[in-house]
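What follows is each chain in one-letter form.
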Amino acid sequence: MDPATIASNFDRIVDDALFWVTDHAAFLFDGLRLGFEGFYGAAFWALGGSPWYVTMILLGLAGWRLIGAGAGLAIAAGLAVCAFMGLWSETMSTFALVLSATFLALLVALPIGILAGFNPLLNRAVEPVLDLIQTMPPYIYLLPAIALLGFGPATALAATLIVAMPPAIRLTALGISRTPAEFLELGKSLGMRRGQMFLKIRLPFAVPSIMAGINQTLMMAFGMVVIAGIVGSGGLGQTIYDAIRTLDIAKSIDAAIAIVILTMVIDRLTQGMAQRKGSGA
C-alpha cells in the first residue's frame, strides 16, 4: 500500500470518528458549550459590568499593592488608553477569556503537575504529550473545537485551555520534584506524614516554580485568545480579524496597542503575585 493511500485511509478514519462523535455525543458537547459560555459570561460580567473607571481604579490599586505606586499608575493609565480608543468592551472581553481559560487550564494542569512531580514514570509519560501540544500549530486546535462546539467563546476557551496547560504542568512538576533532599529527610525524622510533608515542605519550595508556570500559562492563553478571534470569540482578536477583512488599518493599530497594554498588565500583575508569594509576603 502506497503512502498516499495510507494517508487517505487515516484521514477517512479521523473524519468518520468526528462524525460519529457529533452524531452520538452532541448532547455532551452542547452541555460543555453552555458551561464554557456561562463561565466566560460570568467573568465578563465581573470585569465589564462596572463602569470602566471603576475597573481601571481597582486594577491600578492591585498593581500598586503588588508591585508599587508607579506600576499601579501605569496600569491605570494603560487601561484608560484602551477606554479612550473605544475598545474597553473588547479589552475586557479578551481579559475575561484569558482569565476563564487560564482558570480552567490550571484546574487540570496543577493536579497533573503535582502527580508528575511525585511520580517520575508519570512525568516521563506526560512529557511527549506536552511536547506534541506545544509543537502543533495553535490553529490546529480550533478545527475540532469548531466541529464539536461551533463558533463563539466556547471554542476559544476549549482551544486555549489545551494550549495553556503545558507550562503549568511542566513547572509544577519541576517545583515538586526538586524539593531539597535534606528538608525531606528532616520531615521524615520529625515523623511527618506524606500529606504534611507536601503542605509544609514540598509545596512552599515549589511555589515560585508554580507561580512562574501560572504566569506562562496566562501568556500562552493570551496569545491563543487573540488567534481565536477568527472563530467569533469576540474581544480584541476578533477586532483585529474584522479590521483585516475590511482593511481598517487604524482600527487594527488601536487593537494592537490595546493588546500590548493588556499583555503588560497581566504579565506585571502575575509577576508581582509571584514575587510576593516567593518572598512570603
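That block above? That's the structure.
Model, not experiment: these values are computed from the prediction.

(A) Looking closely at the layout of surface pockets. Roughly 300 Å³ of volume is contained in the largest pocket. Lining the largest pocket are 15 residues, with Phe95, Leu99, Leu218, Thr270 and Met273 sitting closest to its centre. Looking at the lining of the largest pocket, the elements with two or more residues in it are helix H3 (52–66), helix H5 (88–118), helix H10 (194–227) and helix H12 (249–279). The element contributing the most residues to the lining of the largest pocket is H5, with five residues. For the lining of the largest pocket, the per-class residue count stands at 13 nonpolar, two polar and no charged.

(B) Expanded view of unusual backbone geometry. A positive phi angle, near 55 degrees, is found at Leu247, a position not held by glycine. Mapped onto the secondary structure, Leu247 falls in the loop between helix H11 (235–246) and H12. You can call Leu247 exposed: its relative accessible area is 72%.

(C) Quick peek at helix H8 (residues 153–177). With 25 residues, H8 should cover 36 Å at 1.5 Å per step; its first-to-last C-alpha distance of 36 Å lies within 8% of that length. Taken across its 25 residues, H8 has 20 buried, putting it largely inside the fold.

(D) Here's a closer look at the side chain of Thr270. Mapping Thr270 onto the fold places it in helix H12. Thr270 gets classed as buried once you look at its relative accessible area, which sits at 9%. Side-chain polar atoms of Thr270 contact the side chain of Asn215, separated by 2.4 Å. Here Thr270 is in contact with Asn215 and Leu218, once residues within four sequence places are set aside.

(E) Looking closely at the nonpolar core. In this structure, Phe36, Leu79, Phe95, Val98 and Ile266 are the most contacted members of the largest nonpolar core, which totals 58 residues. The element that contributes the greatest number of residues to this core is H5, accounting for 11 residues. In this structure, Ile266 is in contact with Phe95, Val98, Leu218, Met219 and Phe222, ignoring residues within four places of it in sequence. If you look at the next biggest cluster of nonpolar residues, it comprises nine residues, including Ala159, Val163, Met224 and Ala228.

(F) Structural detail: the environment of Asp30. Here Asp30 is to be found in helix H2 (residues 26–48). For the pair formed by Asp30 and Leu107, sequence separation is 77 residues and the distance between their alpha carbons is 21 Å.

(G) Highlighting a nonpolar patch on the surface. On the surface, Tyr53, Ile57, Leu58, Leu61, Trp64 and Leu73 cluster together to form a nonpolar patch covering roughly 650 Å² of accessible area. No other element matches H3, which puts five residues into the nonpolar patch. On the basis of relative accessible area, Leu61 is assigned to the partly exposed category, the value being 48%.

(H) Structural view of the pattern of salt bridges. As enumerated under the stated definition, the model contains six salt bridges in all. We note a salt bridge from Arg33 to Asp30, for which the minimum N-O separation is 3.8 Å. Of this pair, Arg33 and Asp30 are both found in helix H2, three residues apart, which corresponds to roughly one turn of the helix. Among the ionic pairs, Arg170 bridges to Glu127, the shortest N-O distance being 2.4 Å. Of the two residues, Arg170 sits in helix H8 while Glu127 sits in helix H6 (residues 120–135), which places them 43 residues apart along the sequence. Residue Arg170 is classed as partly exposed on the basis of its relative accessible area of 22%. By relative accessible area, which is 25% here, Glu127 ends up partly exposed.

(I) Spotlight on the environment of Thr217. With respect to the element layout, Thr217 can be found in helix H10. A relative accessible area of 0% places Thr217 in the buried class. Between the C-alpha atom of Thr217 and that of Ser189, which follows or precedes it by 28 residues, the distance is 37 Å. Aside from chain neighbours lying at most four places away, what touches Thr217 is Thr102, Ala105, Leu106, Ala164, Pro167 and Ala168.

Cut-offs applied
Residues numbered from 1 in each chain as written. Predicted model: local features only at pLDDT ≥ 70, side-chain atom pairs only at ≥ 80, totals over all residues. Heavy atoms only, no water. 1 Å grid on protein atoms, 1.4 Å probe; cavity = no way out; pocket = protein on both sides within 12 Å on 5 of 7 lines; lining within 4 Å. Points joined across faces, edges and corners; volume = space filled by probe spheres on them. Helix = DSSP H or I, 4+ residues; strand = E, 2+ residues; numbered from the N terminus. Nonpolar A, V, L, I, M, F, W, Y, C, P; charged D, E, K, R; others polar. Buried < 20%, exposed > 50% of the residue type's maximum accessible area, 1.4 Å probe, protein only. Expected span 1.5 Å × (residues − 1). Polar contact = N/O pair within 3.5 Å; in protein donor to acceptor, adjacent residues only side chain to side chain. Contact = heavy atoms within 4.5 Å. Core = buried A, V, L, I, M, F, W, Y, C linked by side-chain atoms within 4.5 Å. Patch = residues over 30% accessible without salt bridge, like charges linked within 9 Å, V, L, I, M, F, W, Y side chains within 5 Å. Areas by Shrake-Rupley, 256 points an atom, 1.4 Å probe, with all protein chains shown as cover. Salt bridge = Lys/Arg side-chain N within 4 Å of Asp/Glu carboxyl O.

Function cannot be read off these values alone, since they describe shape.
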